[in-house]
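The chain contents come next:
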Amino acid sequence: MKALLFEKLTKTYKNGVQALKGIDLEVEEGDFFALLGPNGAGKTTAIGIVTSLVNKTSGKVEVFGHDIDRELAIAKSCIGLVPQEINFNQFETVTTILLNQAGFYGIPRRVARDRLEKYLTALQLWEKRNAVSRTLSGGMKRRLMIARALMHEPRLLILDEPTAGVDIEVRRSMWTFMRDINNAGTTIILTTHYLEEAENLCRHVAIIDKGRIIENDRMSRVLRKLQTETFVFNLRNPIASAPELPGYNVAMPDDHTLEIEVSKEQNLNDIFSRLSAAGIEVLSMRNKTNRLEELFMRLVGPQGEPTAQAAG
Amino acid sequence: MSQSSSELQTAVHQSAETPELGRVNRIGYRTIVLREFHRIVRIWGQTIVPPAITATLYFIIFGSLIGRRIGDMAGYSYIQYIAPGLIMMSVITNSYGNVVSSFFGAKFGKHIEELLVSPLPNWLIVAGYMTGGIARGLVVGGVVTVITLLFTKLHIYNVGIVISAVLLSSIVFSLAGMINAVFAKNFDQISFIPTFVLTPLTYLGGVFYTIQLLPQWAQHVSHGNPILYMVNAFRFGFLGVSDVDVGLAYGIMIGAAVVLFVSCVVLLNRGVGIRE
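Conventions we followed
- Per chain, residue numbering runs from 1 following the sequence as it is written.
- Chain labels run from A onward and ligand labels from 1 onward, assigned in the order the entries are written.
- Residue-level local features of this predicted model are given only where pLDDT is at least 70; pairs of side-chain atoms are given and counted only at 80 or more, and the full residue set underlies all totals for whole chains, interfaces and linings.
- Heavy atoms from the whole structure form the basis of all side-chain values; hydrogens and water molecules are not counted.
- Note on definitions: a residue-residue contact is assigned when non-hydrogen atoms from the two residues lie within 4.5 Å.
- A 1.4 Å probe defines the accessible area here, and the buried area is the portion of it lost by two parts on being joined, summed over both.
- For salt bridges, the criterion is a side-chain nitrogen of Lys or Arg within 4 Å of an Asp or Glu carboxyl oxygen.
- Only buried residues count toward a nonpolar core, which is a set of Ala, Val, Leu, Ile, Met, Phe, Trp, Tyr and Cys residues joined through side-chain atoms within 4.5 Å.
- For each residue, the accessible area found with a 1.4 Å probe, counting protein chains only, is set against the maximum for its type, and the residue is called buried under 20%, exposed over 50%, and partly exposed in between.
- Runs of H or I in DSSP of at least four residues are treated as helices and runs of E of at least two as strands, each being numbered from the N terminus.
- DSSP-based pairing: two strands are paired if at least 2 bridges between them are found.
- To obtain an axis, a line is fitted to C-alpha atoms, over the contacting stretch when the element is a helix, and the angle between two such axes runs from 0 to 180 degrees between their N-to-C directions.

Student: Before we go on, may I ask you to explain the interface of chain B and chain A in this structure?
Tutor: Accessible area lost during the coming together of the parts is what is often quoted as the interface size. Listed per partner, the contact involves 37 residues of chain B and 50 residues of chain A. Buried surface at the junction of chain B and chain A, both sides included, amounts to about 3900 Å², of which 57% is carbon and sulfur. For the pair chain B and chain A, the interface holds 1 salt bridge. Close ionic contact of B:Glu114 with A:Arg148 constitutes a salt bridge, the shortest N to O distance being 2.8 Å.

Below, the structure is given as structure tokens:
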């Protein structure tokens, strides 16, 4: 079953800006789906339409087969939203926020109290249950928004930049939690600017730019479309100039580092052989950026201009 | 932070069932009302104390000090005559103030989105906020009534009229407060209407005098003030005297309540002020 379906979805704002230009998208039940794009690409508008915070101009949206034009209440009951901006009442306690949220979805108070304990414990917020929400740290506020979105145990969880501004340790633990939620059967749609996050967590990816979907496939297939990758080689000894490696683009940011662009047709063994022949000893090697980020930049371009190279 | 998948599995399967919308609406409405009531109690220093002090000052100054020199009005002592008006004034301003500040605060803090993304229909969200406004109107009205009893006796001519008039008035002004909040873009705009429209209309709505004291043209103008009908219907319930036809007053209150409720729902449906 499709957890989410867009058909020819458009949105034109009153100021004339066309945020969505007829996008089609399908997200399968149980998927962990990345919806990526630069700022202003249309991601939040699309999410806003699904959650009814934005009125669509035309097109069709279904959530688990429920058309939002005909069965809005049922469609909404299937969705949990973690929005980009902190949007809970800053004067209420953590417990009050979660119990109210459960109430808005018709969850009886007794059941809500059990879930509150379960999710606050899982998200390491149980000790803060009686704290007024404005006193929480940024990372705790983000986790509270996740707990809030889970109080009615939605079938589709939409996470709009859920780890923005949290430290690496908390981010990693949130990844583990999101994986567990997904493994338990909840479909997750994730938007993020941390492309490492999307590459690590998601099985499918769609890239949206200027209101159009410019890429939509399995993560593994999308990554295979990357024509070239840039590797960074850390050298044991300093070198005076970059070595001649015919067929490769070589840059030397400093005398201990080489950056070499490698296409799909080339291989690393060949590079290592040539470097050895030139008497250059390599200490370590890594990707310059993660692969999804590299692909993303090539698709969207520095000014958001799509380029043909990455599509392969 | 991690919790095992199997522990979460059961709940996910349960939630795959289509929810019973009647139950969702019932619990959702109760949640909004309780949240509003807790807000009134949590900020009692802003919601309950100021109107109690204001009413006390009115009774001391207009009732006891000046009132003695004014003499009777419509066959009752001045303090008895103004008592229903003062209670109604506190109900009106507090019903309005509760919804306008709560709903605009939710808009400003963006936690209105909690309700907008929920399965609750817009008419129920309007009803929930309206009930919150009624609750504050009645709580403050009750406090002012107790203060009234410290200064004078309250006659009850018809308890049904007293209750229905206060309920209808608080409904009307709760809904009016919601419309103000929907259109307001900043805090100035939620204080503009209470300061420049509601307060003058209340003071000129027969709280402190019978309009029969006014010249003919001013009486005609006063009949265009909806608060005149509410105050007089309420006063009729206590004293059995009124400057206006009580049937007409009910017609105006019921009509206004229906029109305002429908307007609020239409505004939310269209997303005015809250949706892109």
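So much for the structure itself; the text now carries on.
Student: Looking at this structure, how should I read the nonpolar core?
Tutor: Of all hydrophobic cores here, the largest spans 169 residues; its most connected members are A:Leu4, A:Phe6, A:Leu36, A:Val63, B:Phe103, B:Tyr129 and B:Met178. Looking at this core, the element that brings in the most residues is helix α5 (residues 78-108) of chain B, giving 17 residues. Core analysis: the second largest hydrophobic core is formed by 12 residues, A:Phe231, A:Ile239, A:Leu275 and A:Ile280 among them.

Student: Mind showing me how you'd approach the sheet that holds strand β3 (residues 32-36) of chain A here?
Tutor: The strands that make up a sheet pair up through hydrogen bonds in the backbone, lying either parallel or antiparallel. Residue and element names in this part refer to chain A. Ordered in space as β6-β7-β8-β3-β9-β10, the 6 strands form an open sheet in which the pairing is mixed. With partners counted over all chains shown, the strands left at the sheet margins are β6 (79-82) and β10 (212-218), one partner each. Within this sheet the neighbouring strands show an average axis-to-axis angle of 15°, counted without direction. With respect to the sheet, helix α1 (residues 43-50) is in contact with β3, β6, β7 (156-160), β8 (187-191) and β9 (204-209), its orientation differing from that of β7 by roughly 145°.

Student: Any chance you could explain the sheet that holds strand β13 (residues 257-263) of chain A here in plain terms?
Tutor: Residue and element names in this part refer to chain A. The strand order β12-β13-β11-β14 describes an open sheet built from 4 strands, whose pairing is antiparallel. What marks the edges here is a single partner per strand, and that holds for β12 (249-254) and β14 (282-287). The mean angle between the axes of side-by-side strands here comes to 25°, regardless of whether they run parallel or antiparallel. Note: strand β11 (residues 228-235) against β14, 5 bridges, orientation antiparallel. Along β14, the bridge assignment pairs Phe-231 with Asn-287.

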